[in-house]
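Examining the three-dimensional arrangement
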Amino acid sequence: MPYRILEKKELAMNEVWYKVHAPHVAKKVQPGQFVIVRAFPNGERIPLTPVTWDREEGWIELVTFVRGKTTMRMANELKPGDELLNVAGPLGNPAPMKKFGKILAIGLIVGIVEVFPIAKAWQEIGNDVTTLHVAPNPMVLLREEFEEAVSRHIVEGFDLQPGWGMNEIAQELVRRAVSRVKELLESEHWDLVFIVGPAGGQKAVFEVVKKYGIPMEADLHPIMVDATGMCGACRVTVGGEVKFACIDGPGFDAYKVDWDELVARTGFYAPMERLALETYLKQLQGKGGEQ
Amino acid sequence: MAVKRKLIKERVPTPERPAEERVKDFAEVNLGYTFELAVREAERCLQCPYDYAPCIKGCPVHINIPGFIGKLLEHRDDPDRAVKEALNVIWACNSLPATTGRVCPQEDQCEMNCVMGKVGDKINIGKLERFVADYAREKGIDEELLFEMVPKIEKKGQRVAIIGAGPAGLTAAGELAKLGYDVTIYEALHEPGGVLMYGIPEFRLPKSVVGSEIEKLRKLGVRILTDHVVGKTVTIEELLQEYDAVFIGSGAGTPRLIDAPGINLNGIYTANEFLTRVNLMKAYRFPEYDTPVYVGRKVIVIGAGNTAMDAARSARRFGAEVTIAYRRGEEDVSARVEEVEHAKEEGIKFEFFLNPVEFIGDENGKVKAVKFEKMKALEERDAGGKKKIAGTGEYVTLEADTVIIAIGKHPNRLIINTPGLKVERGKIVVDENLMTSIPGVFAGGDAIRGEATVILAMGDGRKAAKAIHEYLTKKREENA
């Protein structure tokens, strides 16, 4: 079932957009749902979020942030006119479409992509939505789109310092997110906080929100393989029960999530992911001038 | 058939790769019969008459076993013809013989009541079935048969949707296509095959074999839509608007977990996840393939069914020291005899009467040991015929850096939430014709059984195809 790439755009900070022909998904997808993409015969199945879609024309737009082998290989090797091998979905449950009142929807780094369709829909049904994007400069994922779609869009950018590794970036991300959220919670009244991003950052922001007692929802991103409820890789403990994020989520009440467990589980394959990326980079170098 | 023959008591063995060689890779363990060996084994068959043959009665899809074995004997001077005619006999009841010949629990089915068993070894029916399928595939004989069959199919002009491309769905699809229906399979994963692809390892059922069985279905005109998750991409109600009947063969895909502290520690896999990474995603070839799997030095597999053996033997192939821990005794192991023997030959240790009560992790949230309660067998037996067990109050802790939970599965949860679909304890309820509470929607395999075997699922697929054919014939006649 090949899915043609209709357009591809590369923006700042390793941000790549793909407009993909996938009518079965376009017809059904709701904000909060995701798809599983497989791009290469020896490739993995990765969850991505449709940002926009057209039910009549049958396409969806996916945005990736290049950080591992698969996203890099997609950015390097796929051209408009090529095909993704698989786009399965839509998967997961739609975000609850209710009138909450005033919502703070936070996206950490590429998590903002997933916030977009949800925040937009919340605003459309009469909520007052503020979105907050915390990310290293110059990442401005979807800035114009957000400005058009919600009441207020805040970008909390930070400059990368020479010599920083992933750890330093993560620490700065958490520091910025926490201080900006604190400021917003202190100065205004909120009915709901929503967050998408790396588990460690989600946890740190939750610790702040908890002090104010504001209801909070989080879309979780544990590792997934099939994403149809079959493998259990994405299991999370919520309210003391084991849930599968793929079919019970991805959205959960942040107050009930076992955050430490989630943080530990999402990091489990990091050394192997690094090995895959390094092997790929070596292959690229080996090819010399070809690239 | 009247020829008097000498009884040959001993089975003709099938060549197998030595254990020390095969634990180093994922290539197939059993090499199967050659034509010569197959004929020698076939000669042992007493050729019981069709109405009596206990093997046929023991087969869930009632293959005419003496019939196909007889064809091998009848045309022993012309191997191609012998195989072609034997395959034709098998195909009348079973469209996936290369698979069933490898994975059926023959000792509990066809071979169980084999008359030869009274005087010697039972006939090796499974390996003969596999031989016919493999020889036919290698020589293109199956294609030839299909080629003769396809033009004779009379199109019915009605459409059937099949949910799930596993053993039940593939069988139903094949049968319905042969009857002239326009069949479309909806499959959630990126490859059709279901448990044959993601669950059963390459060394027991090569994926190229499954691929070729599926290719035959395509040649029969079956359309397969991968990446379609019924319940999400499309609902059963929507399918009913487009199709004249629906068959649910969505299997038992939800892994059962152990309700014990530490179950979500890193390094603890469900068998489904472990096997999916290894088989479907080919993690044994990481980093050439992108999906990783973590196999530590010491692996404990919990459970003793076929899935547990598959997981244990797969882990062994990564070089790990593997122990199977089972809460019951050796006599109640539910895996096929051949799998248990292979596992033992490959150096897998078995620990009986151990019931896990806690998973112990290190400071990084990774499993390092499993605490078990020692169990003892009681005289009483449960509904499944297994000895009941009770705790002894004594505990033992075994070290492990990878744990695989293989204690069973529940039916797929996405489908059973369909409005109007009657479900009891997670299983779809069907009548004697395998029709569900929704008219025109049929179901079979693990979706109705909870958890069973490939061949029982295939038996259901066949039975459902027959029932769907009757249902649609009536519909045609009403509309005529």
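Residues numbered from 1 in each chain as written. Chains lettered and ligands numbered in written order. Predicted model: local features only at pLDDT ≥ 70, side-chain atom pairs only at ≥ 80, totals over all residues. Heavy atoms only, no water.

As recorded in an unreviewed UniProt entry, chain B goes by the name NADPH-dependent glutamate synthase, listed as coming from Thermococcus waiotapuensis.

Where an unreviewed UniProt entry is consulted, chain A appears under the name Sulfide/dihydroorotate dehydrogenase-like FAD/NAD-binding protein, with the organism given as Thermococcus waiotapuensis.

Observations regarding the overall build of chain B
To keep things clear, this is the line we draw: Numbering of helices and strands runs from the N terminus, with a helix taken as a DSSP run of H or I at least four residues long and a strand as a DSSP run of E at least two residues long. A radius of gyration in this sense is built from C-alpha atoms; the matching globule rule multiplies 2.2 Å by the number of residues raised to 0.38. Throughout, a residue-residue contact means that at least one pair of heavy atoms, one from each residue, lies within 4.5 Å. In short, Shrake-Rupley with a 1.4 Å probe defines the accessible areas, and a residue's cover is counted only from the protein chains shown. Charge counting follows a simple rule: Lys and Arg are positive, Asp and Glu are negative, and His as well as the terminal groups are ignored. The atoms used to mark charge sites are NZ of Lys, CZ of Arg, CG of Asp and CD of Glu.
Check the secondary structure of chain B and you find 18 helices and 17 strands. For 480 residues, the compact-globule formula gives about 23 Å, and the C-alpha radius of gyration of chain B, at 23 Å, lands near that figure. Once the C-alpha set of chain B is aligned to its principal axes, its extents read approximately 70 × 60 × 50 Å. In chain B, once contacts between residues fewer than 6 apart in sequence are set aside, the share between residues at least 24 apart is 69%. Carbon and sulfur atoms provide 49% of the accessible area of chain B, an area that totals close to 19400 Å². Separation between the mean location of the 69 positive side-chain charges and that of the 73 negative ones in chain B comes to 2 Å.

What about the overall build of chain A?
The following threshold applies: Categorising residues by exposure relies on relative accessible area from a 1.4 Å probe, with only protein chains included: less than 20% of the type maximum marks a residue as buried, more than 50% marks it as exposed, and the intermediate range marks it as partly exposed.
When helices and strands are counted, chain A shows 9 helices and 16 strands. For 291 residues, the compact-globule formula gives about 19 Å, and the C-alpha radius of gyration of chain A, at 19 Å, lands near that figure. Taken along its principal axes, the extent of the C-alpha atoms in chain A is 55 × 50 × 40 Å. Within the span of chain A, comprising 291 residues, buried residues form 56% of the whole. Contacts spanning at least 24 positions in sequence make up 68% of the contacts within chain A whose residues lie at least 6 apart. Carbon and sulfur atoms make up 50% of the accessible area of chain A, which amounts to about 12000 Å² in all. Distance between charge centroids for chain A: 3 Å, based on 33 positive and 39 negative side chains.

What about the packing of aromatic side chains?
Note the threshold: Aromatic rings from Phe, Tyr and Trp, taking only the six-membered ring of Trp, are treated as a pair when their centres fall within 6.5 Å; an angle between ring planes under 30 degrees marks them as stacked, one over 60 as edge-to-face, and anything in between as tilted. Two conditions define a charge sitting above a ring: the NZ of Lys or the CZ of Arg must be within 6 Å of the ring centre, and it must be within 35 degrees of the ring normal.
Scanning all chains against the criterion turns up 17 aromatic pairs over all chains. Ring geometry for B:F35 against B:F131: centres 6.0 Å apart, planes inclined by 45°, an arrangement best described as tilted. With B:F35 in helix α2 (residues 35–42) and B:F131 in helix α7 (residues 125–139), this pair connects stretches of sequence that are 96 residues apart. A single burial state applies to B:F35 and to B:F131, both of which are buried. Grouped by ring-pair contacts, the aromatic residues B:F26, B:F203, B:Y284 and B:F318 constitute a single cluster. Over the face of the ring belonging to A:W190 we find A:K102, whose NZ or CZ atom lies 4.3 Å from the ring centre. Directly above the aromatic system of A:F244 lies the positively charged group of B:R413, at a separation of 6.0 Å from the ring centroid.

Details of the sheet that holds strand β9 (residues 102–108) of chain A
Strand pairing within a sheet occurs via backbone hydrogen bonds; the two strands may be parallel or antiparallel. Residue and element names in this part refer to chain A. So the rule is basically this: Two strands are said to pair when DSSP picks up at least two bridges between them. All axes are obtained by fitting lines to C-alpha atoms, using only the stretch in contact for helices, and the reported angles, taken between N-to-C directions, cover 0 to 180 degrees.
Across the sheet, which stays open at both edges, the 6 strands sit in the order β11-β10-β9-β12-β13-β16 with mixed pairing between neighbours. The open sheet terminates on both sides in strands that have one partner only, identified here as β11 (152–158) and β16 (251–253). Along the sheet, successive strands turn relative to each other by an average axial angle of 20°, direction set aside. Each of β9, β10 (128–136), β11 and β12 (192–196) touches helix α5 (residues 166–187); the most contacted strand, β11, lies at about 145° to it.

With respect to the interface of chain A and chain B
Let me state the cut-off plainly: Note: buried area is the sum, over both parts, of the accessible area (probe 1.4 Å) each one loses when the two are combined. Basic side-chain nitrogens of Lys or Arg form a salt bridge, by our definition, when they fall within 4 Å of a carboxyl oxygen of Asp or Glu. Polar contact is defined as a pair of N or O atoms within 3.5 Å, subject to the rule that within protein one atom must be able to donate a hydrogen and the other to accept it, and that residues adjacent in sequence are counted only when both atoms are side-chain atoms. In this count, Pro and Cys sit with the nonpolar residues alongside Ala, Val, Leu, Ile, Met, Phe, Trp and Tyr, while Asp, Glu, Lys and Arg are called charged and the others, Gly among them, polar.
Of the residues lining the interface, 48 residues belong to chain A; the matching set on chain B comes to 45 residues. Carbon and sulfur atoms supply 57% of the area that chain A and chain B bury against each other, a total of about 3800 Å² over both sides. For chain A, the biggest contributors to the area lost against chain B are A:M230, A:R235 and A:F268; these three give 18% of the whole. The tally of links from chain A across to chain B stands at 3 salt bridges. For A:K28, the salt bridge goes to B:E238, with nearest N and O atoms at 2.6 Å. The interface formed by chain A and chain B contains 25 residue pairs in polar contact (both at pLDDT 80 or more). Mapped onto the side of chain A that touches chain B, the elements with two or more residues apiece are α2 (69–77), β8 (86–91), β14 (235–238), β15 (241–244), α7 (245–248), α8 (259–266) and α9 (270–286) of chain A. Top element by residues in the side of chain A that touches chain B is β8(A). It accounts for 6 residues. Classifying every residue of the side of chain A that touches chain B gives 23 nonpolar, 14 polar and 11 charged.

Digging into the side chain of A:T71
Residues and elements named next belong to chain A. Within the secondary structure layout, T71 lies in helix α2. The class of T71 is buried, set by a relative accessible area of 10%. In this structure the side chain of T71 is engaged in a polar contact, spanning 3.2 Å, whose partner is the backbone nitrogen of G68. In contact with T71, other than residues within four places in its own chain, are T64, F65 and V66.

Describing unusual backbone geometry
With an omega of 0°, the peptide bond running from A:G89 to A:P90 counts as cis. When you line up the elements, A:P90 lands in strand β8. Residues B:F286 and B:P287 are joined by a peptide bond in cis, for which omega reads 0°. Within the secondary structure, B:P287 sits in the loop between α13 (271–280) and β7 (298–302). Positive phi outside glycine occurs at A:L142, with the angle close to 60°. With respect to the secondary-structure elements, A:L142 resides in the loop between β10 and α4 (143–149). Residue classification places A:L142 among the buried positions, given a relative accessible area of 3%. Of note in this structure, A:A227 is not a glycine but carries a positive phi near 65°. One can find A:A227 in the loop between β13 (216–219) and β14. A residue is classified by how much of its surface remains accessible, and A:A227, at 2% relative accessible area, is buried.

Observations concerning the pattern of salt bridges
Applying the stated criterion across every chain yields a total of 66 salt bridges over all chains. Among the ionic pairs, A:E77 bridges to A:R73, the shortest N-O distance being 3.2 Å. Highlighted residues: A:E77 and A:R73, both in helix α2, separated by 4 residues, approximately one helical turn. You can call A:R73 buried: its relative accessible area is 13%. For A:R180, the salt bridge is made with A:E183, and the minimal N-O distance between the two is 3.7 Å. Here A:R180 and its partner A:E183 are both found in helix α5, 3 residues apart, which amounts to about one turn of the helix. Each of B:R22, B:K127, B:R204, B:D310, B:R313, B:R317, B:R336, B:E338, B:E339, B:E345 and B:E346 takes part in salt bridges that share partners, so that together they form one network.

Details of the UniProt feature "domain: Dihydroprymidine dehydrogenase" (unreviewed entry) in chain B
Filter applied, for reference: UniProt positions are given in the numbering used here, feature names are shortened, and annotations may be inferred rather than shown by experiment.
Listed under "domain: Dihydroprymidine dehydrogenase" (unreviewed entry) in the UniProt record, and renumbered for this structure, are residues 22–140 of chain B. From the first C-alpha to the last, residues 22–140 of chain B spans 28 Å; its make-up is 50% helix and 0% strand.

Description of the environment of B:R137
Residue and element names in this part refer to chain B. Summarising the element assignment, R137 is placed in helix α7. Considering only alpha carbons, one finds R137 and A98, 39 residues apart in sequence, at a separation of 8.9 Å. Setting aside residues no more than four positions away along its own chain, R137 makes contact with A98, R102, D142, V209 and S212.

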